[in-house]
There are 2 protein chains.
Amino acid sequence: MEKKWVYLFDELDQAEAYIGASWDAVRGLLGGKGANLAEMVRIGVPVPPGFTISTEACNEYLAHGGAFPAGMWDQAITGLEKVEALSGRKFGDAHNPLLVSCRSGAKFSMPGMMDTVLNIGLNEDTTQGMIALTANPRFVFDAYRRLIQMFGSVVMGLADEPFEEVLSRARRKASVKVDSELTAEDLQEVIAEFKKIFRRMSNRDFPAEPYEQLRMATAAVFESWNGRRAVDYRKAAGIAHDLGTAVSIVAMVFGNMGETSATGVAMTRNSTTGEKDIEGDYLTNAQGEDVVAGIRMTKEINHLIKEMPETYAEFLGIAKRLEQHYRDMQDVEFTIEKGKLWMLQTRNGKRSAQAAVRIAVDMATEKLITREEAVLRVTPEQVDFFMHPQFDHLTKQEAKTAGGLLATGLNVSPGAAVGMVAFDADLAENWAKNDNKAVIMVRPETKPDDVHGMLAARGILTSRGGRTSHAALVARQFGRPAVVGVSALEIDLNDRLMRVGDTVIKEGEWISIDGTDGEVYLGKLKAVVPDIKDPWLIKLLRWADEFRRLGVRANADYPRDAQRAREYGAEGIGLCRTEHMFFEPVRLAFFQKMIMTDLPSERREALENLLPFQRDDFAGLFRIMNGLPVIIRLIDPPLHEFLPNISDLMHELADLKIRMQHAPTLAQVDDLLEQVRLKENLLKRAKALDEANPMLGMRGVRLGIMIPELTRMQVRAVFEAACLVASEGVDVHPEIMIPLTSHVNELKRQRDVLETEAKKVMDEQRYPVDYKFGTMIEIPRAALTADKIADFSQFFSFGTNDLTQTTFGISRDDAEASFLVPYISAGILPDNPFATIDPEGVGALMRIAMEKARRVKPGLVCGICGEHGGDPTSIELCHKLGLDYVSCSPFRVPIARLAAAHAALKEQKTGP
Amino acid sequence: MEKKWVYLFDELDQAEAYIGASWDAVRGLLGGKGANLAEMVRIGVPVPPGFTISTEACNEYLAHGGAFPAGMWDQAITGLEKVEALSGRKFGDAHNPLLVSCRSGAKFSMPGMMDTVLNIGLNEDTTQGMIALTANPRFVFDAYRRLIQMFGSVVMGLADEPFEEVLSRARRKASVKVDSELTAEDLQEVIAEFKKIFRRMSNRDFPAEPYEQLRMATAAVFESWNGRRAVDYRKAAGIAHDLGTAVSIVAMVFGNMGETSATGVAMTRNSTTGEKDIEGDYLTNAQGEDVVAGIRMTKEINHLIKEMPETYAEFLGIAKRLEQHYRDMQDVEFTIEKGKLWMLQTRNGKRSAQAAVRIAVDMATEKLITREEAVLRVTPEQVDFFMHPQFDHLTKQEAKTAGGLLATGLNVSPGAAVGMVAFDADLAENWAKNDNKAVIMVRPETKPDDVHGMLAARGILTSRGGRTSHAALVARQFGRPAVVGVSALEIDLNDRLMRVGDTVIKEGEWISIDGTDGEVYLGKLKAVVPDIKDPWLIKLLRWADEFRRLGVRANADYPRDAQRAREYGAEGIGLCRTEHMFFEPVRLAFFQKMIMTDLPSERREALENLLPFQRDDFAGLFRIMNGLPVIIRLIDPPLHEFLPNISDLMHELADLKIRMQHAPTLAQVDDLLEQVRLKENLLKRAKALDEANPMLGMRGVRLGIMIPELTRMQVRAVFEAACLVASEGVDVHPEIMIPLTSHVNELKRQRDVLETEAKKVMDEQRYPVDYKFGTMIEIPRAALTADKIADFSQFFSFGTNDLTQTTFGISRDDAEASFLVPYISAGILPDNPFATIDPEGVGALMRIAMEKARRVKPGLVCGICGEHGGDPTSIELCHKLGLDYVSCSPFRVPIARLAAAHAALKEQKTGP
């Protein structure tokens, strides 16, 4: 029997019988579009008749140097005859002509391939038939000239410009502005010109024969599979080259056949809010493109109930059926031809973050999808939407109506920002830091030198650059809303202003940018923080909590952070950085005393003064985290960070000395002299503590070992605070964490100090604190010797910031300002390893650490407290590595909860 | 049958039959001493008769609460009877008494156990018999008082001071200075006093009964196995606690029985030079201790040929036999009792480094040992001796004779140093750097603050501290000769002088220290660099070359280093650091221009100016390394290292501005203004290039990627030089090495640049250079992704300096001045990881890298070029990891050759 190359839309069962029933296999054979149309037919949705030539035919065609496989064309003709029968028209018939469209459709949506040729079947004869059918010669001639132009460029590969020139001349001749104003007569002249151009450029006449048109269009679709752009795209996207494309040939239907015809688009639910209300627009007696072109005022979809109540009822039924069938909100296109409803396309609808959450939750509640599916349908980025200030839809709509939308560009970093325009980084920083102004930094494009200004600014706007431009990368990195590549923007750095068309904005004037949608507005728009208490979000996250295996904790140093973390669902504190507490003025004075003295008694005294502050801080955290674990990391940064900077001190000293030279009285000299002595002491100590590479120097556990009094003070503060809050009825679980361990012996030593002091306090206070002792794993050596280190730890927390720095040999502070951004732009690094864990290097070390540690201590609690703890890709890696929890900034906690659920659910699907 | 507890020296075969013939097992049963004495008996060497009570008896004794096992004492008595028969004397006999010694002897030599009780068997009766036999009452009474004293302290655990007080009183009474001047009568009084003390302190009489003496001594030996010092020692040394100790009981012989008696010590070869001449000293009519005490002038051993020619001949025969039997140079003790030669002990002799080499080579040439054994008998440290200045033996002897030896201390870091005394680090540095003086830094002990002075000094001397003191660690680390813990030294920092006894040395006076032997001399001794061309050393190293599997290359940046490396046997250059070439003044000016400009044309011009210099440098290396590979590493350090330091620039600018204020003429102002501009530019660029952590910043391959012109210039210089020397007939093999790779994509990029430029030059010069392209593995990520990196490399070189820094998260520069030395002293780190590769961390990464790389590219050439490449322990690790070569400083090449051979030979013995 001859191989079947052609499948009518109602032959989906045959395709399934041949290829297997999986949707994936069917899409492989019929392409996405063809399979979807056939699927609609199967479930009884009215679709214009048509058929699909399989991807196998395409592959055969390409394998045999451009010859249709035996029997294919005959099968296509037979298919076409069935379409003629179903439609009641005849292909090429002068009186009752059938027109068809011809579309490519590969398994995966893919730019660079021939897309569509419409109106196939039109020629001098059939135009007359169409005019008779539609009574609209202008429409028919326009369709015909479009066919010639589309066929020329798409099938024959002719340049489009000569065709456009003809239209342009015709408009000038008719003194009209747009093509739609050209009359039927004008268009007839255009058609004559088009045919001449076609002949001159392709050395042949435009094929008047409909079958010839169809044959050539089909072959062109096949060939476009190997077009350069398509091949490049497949290479980049990692799509196999042997899939081939299918060709779908569908009867054309027309919404412009009088007042009982119409065309429109609709979403089955509200795509902004997610409410369960159909939304859409339509036009009667119109073509599909008229709805989107915005020339005629469209009508809201529910108006159709008045104009065509029965058809509307049918439409609502179909919409519901499609949603039920595809189990998601659908974005549909339809045409009503003389009262008969045809669905032309259905696909999952795009929606706002808010709508995505609500639709997912509602559909799960309706039992249309499972809770697992609901959770998987919302992306962590969509949850992130709820965490950033945003301009709401209405505000933006009002601004647009008032003409406030200045320009649009690429939405490279989400969120809303309002500020004064500053045209360079120094000014941006100066205004922001010194004058406390809100600034939007505006540049043609940004360079590493600009980073300080970008950090100081509320948002970033550039006229050039794309999604991977420096501005985009830095903005995403640091969470600054940004719009880039706004080509309408002309920036004049000399005159310190920018122009969009006639509008001029001077430096210092206010603008608002929407990084979520890529829009730039004049003036100050009101930004809102979307409601994290959105009930659908809360429900969704609660479901996510049921599915995830990873715990989610927060990095929080202050009670206010801890409070927020708890509200956002954190299950404990994964990192409290105790050193931040030393930077407040009163405490800093004591801490500097501790650093400056060489006398043990003075050092002890300074530490005793600090103790009550630390105790209060910890007590505050413990109260809020009642019942949950709180990991307190002992002091980490090098001591010189607590002293003034050396070059500042040098400048200050020089100033003081000059003032001394000119001091009018001896008393003043004495006074200045005293100050000089103080500064000189500070300078001396600062120099002594100065390090070539402080990141790799005297910090972390090394401090604790060299200054055990410091460890003792911090431990005492933790245990005194724990005993205090326990006496108030708080359920307290402190966990002491040692930073920067590289050798197990460091940990042994610190544990001895800790246990001695802890026991002392617990004896004094007569309360046995339930505490743990553990370490950061943030140095490669710690990961490599994790088995030994596990012997002396009750928990591990991966410090992936430092681990990334040491594993790559990259100082983050230095690198981001110099080579890291160019590295990422040039593709030397696939991602910023400080944003997403590098799986091959840092991830490999984490795997080694987990395997070694769990081998000796199977129940060891392992978490992560680097910034990666809030990054969805990194969270998935942590899940796969078997960590117990992630800890991240309070603002990332909801995202982490969802991402952790995704990781678990994906694993259920695919196995670990 | 009753278990055998006691073995006569001629019953070695029975012991072997019981315990197995292995020397190890026999030593386990009889202890080292007992086994050795029995062995001498077996090979026919005259040894005084005796027997050994086995370690099994000791264990039984200890297991049963201090009771001799059944039968043991009877067997000992029987043994003693045989000894009586052999010696012709009788234990306890008043007329012809046998005296014995009783010694402990465990399998391993072990301090803290009871050592020896001599003269057992003496009492009031037997002293008379001995006097009759020796006609020397003074000697006999002295022996008796020693027995009581030794028995008291060693067996009974009595304090020694009361006994010493008695002696002291006796000396005063007799108005003599030393004990040997006491007469027989004096000693009889001492004996009476000793007995009283014994009774008072132990509540019992000194046991007059010889069998009782022997029984108690034996039991005391057994008990000393569980003495506290012995237990502690075993714990520290990792020796099992159940080995037990044996007891050897040997007939005493006496060298002081008249002119046909003598006693002496000898080495079977010259222990200083290694020449094959017996060396030693003896005294006639004397006891062993007289020879070492130095009271009487000893005679050279070959003088014996005149005094007792037959005995001397016998002695020479025995010496030869012992050497043949033990297959090593022997250190022997002997006694001649009335013309009869007795050997009391033999053991492998200690020797100088020079002697060690010569003896090993000679013995292999004599076929006494194999070449493999010869190579294994010389330590890498002994080869190191040939590389450092040393004081020769004669110079030191002369200085000693002239009273120049000031004091001795611990020899913690080898080599000779001569310099002026400086009592603090700042002065030491100042004198050394500014006045170019040779300095010995002298401190009571050193602290991290002193390191700059220690580095500037030629040698280090301290009055306190031990082998692991700060001074010792730092000195070894940096190769400075050092003597520490010289307790005779009183340092007076106020008066800036030091005293040894009455000798006063003021700051600035000359001293000489010998770190090899731990000696301090007054004045300037002449140091010599031992001859690296020593023919025995050359032969030994040639043998080592045959056995080693690891290649040995050198790190050399200049032709003169390369020349030395080749002379010392390097098989190529493993690392040429190209940046050193940029620091010479003319070149530095061009290099700074390259850094300062933003104009590509100026940058290109500066690089073009540098090209000829680099080409000449490389050509010089290639000529010397004719036929051998030369690895050239592209520029590594951050660019700011080539600019003046920021705070210097700030000071200079301030000075210039002040000078400008006071400039008398406008022309001078202009001139100064120009200088200010220059400095300001330098400062601006230096600040722009300044990094928080330059070690992890913009350096290595990152420079090459950001400034590809730099890579191109260096590649061009290498290939032009290669073509040039090839035209002169040189066989040239350059290998280009990329530093600091962390991602394979960096390597890909650099390889593209390299291949393009290399091809250009080779086309221009029409010569196909045989080159390779590879990378350092010095970043953890590179090791972890070595499989991917291997795809783009033809060789790997482990940069273990940086790999240690990143794996530990330790900046070497900072750490050595702060926490690293305390870490090592406190045992937190077992070794300095910058001296010896940390096997658990850095070694683990190297293993991962080797395994991954060799899996994808089995023949990949892998080496090491960190400083560890010259460290014997690290070399053994490299051998085990399967590296192909080590590369080290030229001075370490001979050491590396030997260490590599050791690694291979040890592996043959034990398996990999």
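In what follows, the structure referred to is the one given above.
Residues numbered from 1 in each chain as written. Chains lettered and ligands numbered in written order. Predicted model: local features only at pLDDT ≥ 70, side-chain atom pairs only at ≥ 80, totals over all residues. Heavy atoms only, no water.

Caption draft 1: Local environment of the overall build of chain A. Within chain A one finds 37 helices and 33 strands. The principal-axis extents of the C-alpha atoms in chain A amount to approximately 110 × 70 × 55 Å. Burial statistics for chain A: of 912 residues in total, 55% are counted as buried. Contacts spanning at least 24 positions in sequence make up 69% of the contacts within chain A whose residues lie at least 6 apart. Summed over its atoms, the accessible surface of chain A is roughly 38,100 Å², and 50% of this surface lies on carbon and sulfur atoms. Computed over 109 positive and 128 negative side-chain charges, the inter-centroid distance for chain A is 2 Å. (Helix = DSSP H or I, 4+ residues; strand = E, 2+ residues; numbered from the N terminus. Buried < 20%, exposed > 50% of the residue type's maximum accessible area, 1.4 Å probe, protein only. Contact = heavy atoms within 4.5 Å. Areas by Shrake-Rupley, 256 points an atom, 1.4 Å probe, with all protein chains shown as cover. Lys, Arg positive; Asp, Glu negative; His and termini not counted. Charge placed at Lys NZ, Arg CZ, Asp CG, Glu CD.)

Caption draft 2: Region of the structure containing the sheet that holds strand β6 (residues 116-120) of chain A. Residues and elements named next belong to chain A. With antiparallel pairing, the 5 strands of this open sheet are ordered in space as β1-β2-β7-β5-β6. Two strands in the sheet have a free side with no partner beyond their single neighbour: β1 (6-8) and β6. On average, each strand axis in the sheet is tilted by 20° relative to the strand beside it, whichever way the strands run. By the bridge criterion, 7 bridges tie strand β5 (residues 100-106) to strand β7 (residues 245-251) in an arrangement that is antiparallel. Each bridged residue has a counterpart across the sheet, and for Ser104 the counterpart in β7 is Val247. (Pairing = 2+ DSSP bridges. Axes fitted to C-alpha atoms, helices over the stretch in contact; angles between N-to-C directions.)

Caption draft 3: How the structure looks around a positive patch on the surface. On the surface, Lys367, Arg371, Lys539 and Arg542 of chain A cluster together to form a positively charged patch. In this structure, Lys539 of chain A sits in helix α21 (residues 535-547). (Patch = residues over 30% accessible without salt bridge, like charges linked within 9 Å, V, L, I, M, F, W, Y side chains within 5 Å. Salt bridge = Lys/Arg side-chain N within 4 Å of Asp/Glu carboxyl O.)

Caption draft 4: Molecular detail of the pattern of salt bridges. Evaluation of the coordinates by the stated rule reveals 129 salt bridges over all chains. Of the charged contacts in the structure, one is a salt bridge between Lys788 of chain A and Glu840 of chain B, with a shortest N-O distance of 3.3 Å. With one member in each of two chains, Lys788 of chain A in helix α31 (residues 786-790) and Glu840 of chain B in the loop between α34 (820-825) and α35 (842-856) form a pair that bridges those chains. Under the relative-accessibility criterion, Lys788 of chain A is labelled partly exposed at 36%. The exposure class of Glu840 of chain B is partly exposed, given its relative accessible area of 29%. Here the salt bridges share partners, and the residues they tie into one network are Arg615, Arg716, Glu720, Glu757, Lys760 and Glu764 of chain A.

Caption draft 5: Spatial organisation of the interface of chain B and chain A. The partner chain A presents 48 residues to the 48 residues of chain B that form the contact. Considering only the surface of chain B that becomes buried against chain A, Leu696, Arg781 and Ile828 of chain B emerge as the three largest contributors, covering 15% of it. Inspection of the region where chain B meets chain A yields 6 salt bridges. Two residues, Arg781 of chain B and Asp838 of chain A, come together in a salt bridge whose shortest N-O distance is 2.7 Å. Counting the contacts that link chain B with chain A gives 26 residue pairs in polar contact (both at pLDDT 80 or more). Mapped onto the side of chain B that touches chain A, the elements with two or more residues apiece are α25 (646-661), α27 (701-706), α29 (744-765), α30 (780-784), α32 (800-808), α34 and α35 of chain B. Looking at side-chain class alone, the side of chain B that touches chain A contains 24 nonpolar, 15 polar and 9 charged residues. (Buried area = accessible area lost by both parts, 1.4 Å probe. Polar contact = N/O pair within 3.5 Å; in protein donor to acceptor, adjacent residues only side chain to side chain. Nonpolar A, V, L, I, M, F, W, Y, C, P; charged D, E, K, R; others polar.)

Caption draft 6: Structural detail: the packing of aromatic side chains. Within this structure, the stated rule accounts for 42 aromatic pairs over all chains. Relative to Phe642 of chain A, the ring of Phe591 of chain A has its centre 4.4 Å away and its plane inclined at 55°; by these criteria the two rings are tilted. A residue pair is termed long-range when its members are at least 10 positions apart, and Phe591 of chain A in helix α23 (residues 585-596) and Phe642 of chain A in the loop between β28 (629-633) and α25 (646-661) qualify at 51 residues. There is no split in this pair, since Phe591 of chain A and Phe642 of chain A are both buried. Seen in terms of ring centroids, Phe582 of chain B and Phe591 of chain B are 4.4 Å apart; in terms of plane orientation they differ by 20°. Their pairing is stacked. When sorted by exposure, Phe582 of chain B lands in the same class as Phe591 of chain B, which is buried. (Phe/Tyr/Trp six-rings, centres within 6.5 Å; stacked < 30°, edge-to-face > 60°.)

Caption draft 7: Representation of the nonpolar core in the model. Core analysis: the biggest nonpolar cluster contains 295 residues, and Phe591, Phe622 and Leu883 of chain A together with Phe591, Phe622 and Leu883 of chain B have the highest contact counts within it. Here Leu883 of chain B is in contact with Leu550, Phe798, Met846, Met850, Cys862, Gly863, Ile864 and Cys878 of chain B, once residues within four sequence places are set aside. Leu80, Cys102, Phe141 and Met257 of chain B belong to the second largest nonpolar core, which has 66 residues in total. (Core = buried A, V, L, I, M, F, W, Y, C linked by side-chain atoms within 4.5 Å.)

Caption draft 8: Spotlight on the relation of the copies chain B and chain A. Between the two copies, chain B and chain A, the superposition gives an RMSD of 0.3 Å; the rotation angle is 179° and the shift along the axis is 0.1 Å. With respect to symmetry, the two chain copies, as superposed, fit the operation of a two-fold axis. Here 100% of the contact residues of chain B are again contact residues in chain A; the copies associate through an equivalent surface. (Least-squares fit on C-alpha atoms with pLDDT ≥ 70 in both.)

Caption draft 9: Geometry of a negative patch on the surface. On the surface, Asp160, Glu161, Glu164 and Glu165 of chain A cluster together into a patch of negative charge. Inspection of the secondary structure assignment puts Glu164 of chain A in helix α7 (residues 161-174).

Caption draft 10: The arrangement of helix α24 (residues 600-624) of chain A in detail. The first and last C-alpha atoms of α24 of chain A sit 36 Å apart over 25 residues, in line with the 36 Å expected at 1.5 Å per residue. If you look at α24 of chain A, its biggest bend is around 30°, right at Leu610 of chain A, and the proline Pro612 of chain A turns up within four residues after that. (Expected span 1.5 Å × (residues − 1). Bend = angle between axes of the 7 residues up to and from the residue.)

Caption draft 11: Expanded view of unusual backbone geometry. Residues and elements named next belong to chain A. Located in the positive-phi region is Leu740, a residue other than glycine, with phi close to 65°. Topologically, Leu740 is positioned in the loop between β29 (733-738) and α29 (744-765). Classification of Leu740 as buried rests on a relative accessible area of 0%. One non-glycine residue with positive phi stands out, namely Arg766, at about 50°.

Caption draft 12: Spotlight on the packing of helix α7 (residues 161-174) of chain B against helix α8 (residues 184-202) of chain B. All names here are of chain B. Two numbers describe how α7 lies on α8: the axes approach to 10 Å, and their chain directions differ by 155°. As far as their axial angle goes, α8 and α7 are roughly antiparallel. For the pair α7 and α8, the sense of crossing is right-handed. From α7, Pro162, Phe163, Val166, Leu167, Arg169, Ala170, Lys173 and Ala174 reach across to α8, where they touch Asp186, Glu189, Val190, Glu193, Phe194, Ile197 and Met201. Looking at the contact of α7 with α8 residue by residue, the classes come out as 10 nonpolar, no polar and 5 charged. (Parallel < 35°, antiparallel > 145°, perpendicular 65-115°, else oblique. Left-handed = near helix turned anticlockwise from the far one by under 90°.)

Caption draft 13: Broad picture of helix α22 (residues 559-567) of chain B. Residues and elements named next belong to chain B. Taken together, the buried positions of α22 are Asp561, Ala562 and Ala565. The arc that holds the buried residues of α22, viewed along the axis, is 100°, so those residues lie on one side. Away from its buried face by more than 90 degrees, α22 exposes Arg560 and Glu567. The elements touched by buried residues of α22 are β26 (551-555), β27 (573-577) and α24 (600-624). Positive phi appears at Gly569, one or two residues downstream of α22, with a value of about 100°. (Arc of directions from axis to C-beta.)

Caption draft 14: The sheet that holds strand β2 (residues 50-53) of chain B, seen in detail. All names here are of chain B. Strand order in the open sheet formed by 5 strands is β1-β2-β7-β5-β6, and the pairing between neighbours is antiparallel. Since the sheet does not close on itself, it has two edges, and those belong to β1 (6-8) and β6 (116-120), each with one partner. Strand-to-strand twist of the sheet, defined as the mean angle between neighbouring strand axes without regard to direction, takes the value 20°. The pairing of β2 with strand β7 (residues 245-251) spans 4 bridges and is antiparallel. Each bridged residue has a counterpart across the sheet, and for Thr52 the counterpart in β7 is Ser248.

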